[in-house]
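Per-entry structural report
Each chain, letter by letter, is given below.
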Amino acid sequence: MTEAELNEHVDEFIGMVRDTQEYKDYMHMVEVLHRKPDLYDQVMVFRRENYFLQHAPEHEDIYDRVAELRNKNAELLDTPEVYDFLMTEWTFFHMMQTLYDRLMNGIDF
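All values derive from a computational prediction rather than experimental measurement.

Quick word on the overall build of the protein chain
Across its full length, the protein chain carries 6 helices and 0 strands. Helices (α) and strands (β) of the protein chain occur, in sequence order from the N terminus, as α-α-α-α-α-α. By the compact-globule yardstick of 13 Å for 109 residues, the protein chain is too spread out, its C-alpha radius of gyration being 18 Å. Seen through its principal axes, the protein chain has C-alpha atoms that stretch 55 × 40 × 15 Å.

A look at helix H4 (residues 62-72)
Listing the buried residues of H4 in full gives Ile 62, Val 66 and Leu 69. Buried residues of H4, seen end-on, are gathered within an arc of 60 degrees and therefore sit on one face of the element. Residues of H4 that are exposed and angled more than 90 degrees away from the buried face: Tyr 63, Glu 68, Asn 71 and Lys 72. Of the surrounding elements, those touching the buried residues of H4 are helix H3 (37-54).

Digging into the pattern of salt bridges
One pass over the full model with this rule turns up 4 salt bridges. Here Glu 49 and Lys 72 are joined by a salt bridge, their closest N and O atoms 3.3 Å apart. Taken together, the residues Glu 49 in helix H3 and Lys 72 in helix H4 connect sequence positions 23 residues apart.

Things to note about the packing of H3 against helix H6 (residues 80-105)
Running from N to C, H3 and H6 point in directions that differ by 50 degrees, and their axes come no closer than 11 Å. Here H6 runs oblique to H3, going by the angle between their axes. Along this stretch, H3 crosses H6, giving a crossing that reads as right-handed. Where H3 abuts H6, its residues Leu 39, Val 43, Met 44, Phe 46 and Arg 47 lie against Glu 81, Val 82, Phe 85, Leu 86, Glu 89 and Phe 93. Residue composition of the contact of H3 with H6, grouped by class: 8 nonpolar, no polar and 3 charged.

Details of the confidence of the model for the protein chain
Counting all residues, the mean pLDDT for the protein chain is 94, and 98% of those residues have values of 70 or more. Highest mean pLDDT in the protein chain belongs to helix H2 (residues 21-34) (98); lowest belongs to H4 (89).

Focus on the side chain of Glu 89
Mapped onto the secondary structure, Glu 89 falls in helix H6. Not counting chain neighbours up to four residues away, the residues in contact with Glu 89 comprise Tyr 26 and Arg 47.

Some thoughts on the nonpolar core
Leu 33, Val 43, Phe 46, Leu 76, Val 82, Phe 85 and Leu 86 are the most contacted members of the largest nonpolar core, which has 20 residues in total. At the level of elements, H2, H3, H4, helix H5 (74-77) and H6 are the ones that each hand at least two residues to this core. Dropping the residues within four chain positions of it, Val 82 is found in contact with Leu 33, Leu 39, Val 43, Leu 76 and Leu 77.

About the criteria used
Residues numbered from 1 in each chain as written. Predicted model: local features only at pLDDT ≥ 70, side-chain atom pairs only at ≥ 80, totals over all residues. Heavy atoms only, no water. Helix = DSSP H or I, 4+ residues; strand = E, 2+ residues; numbered from the N terminus. Rg over C-alpha atoms; globule rule 2.2 N^0.38 Å. Buried < 20%, exposed > 50% of the residue type's maximum accessible area, 1.4 Å probe, protein only. Arc of directions from axis to C-beta. Contact = heavy atoms within 4.5 Å. Salt bridge = Lys/Arg side-chain N within 4 Å of Asp/Glu carboxyl O. Axes fitted to C-alpha atoms, helices over the stretch in contact; angles between N-to-C directions. Parallel < 35°, antiparallel > 145°, perpendicular 65-115°, else oblique. Left-handed = near helix turned anticlockwise from the far one by under 90°. Nonpolar A, V, L, I, M, F, W, Y, C, P; charged D, E, K, R; others polar. pLDDT = per-residue confidence, 0-100. Core = buried A, V, L, I, M, F, W, Y, C linked by side-chain atoms within 4.5 Å.

What follows is the structure, given as structure tokens:
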């Protein structure tokens, strides 16, 4: 198989991912949040802060810091659109992580 042929299969795979319910649900919730720009911005700030906490150096006590972040954003996280977005995001990203893991484990790399 050539690299060009492999890339064609990758394009097909991308289409298959976009056809999953997980992706469709996630994109729908992105659209829902975009209809409320202020809410969207708040969610993006929360996600960014949460991401950096999850990738903090191991010597830091991230559990307390994550709890503080969640407490600080409790009202935001209780918003139905935000909750639904975060759940669909987690579901989609979990699916993608599983696919990535299978790919990497299936190749002698």
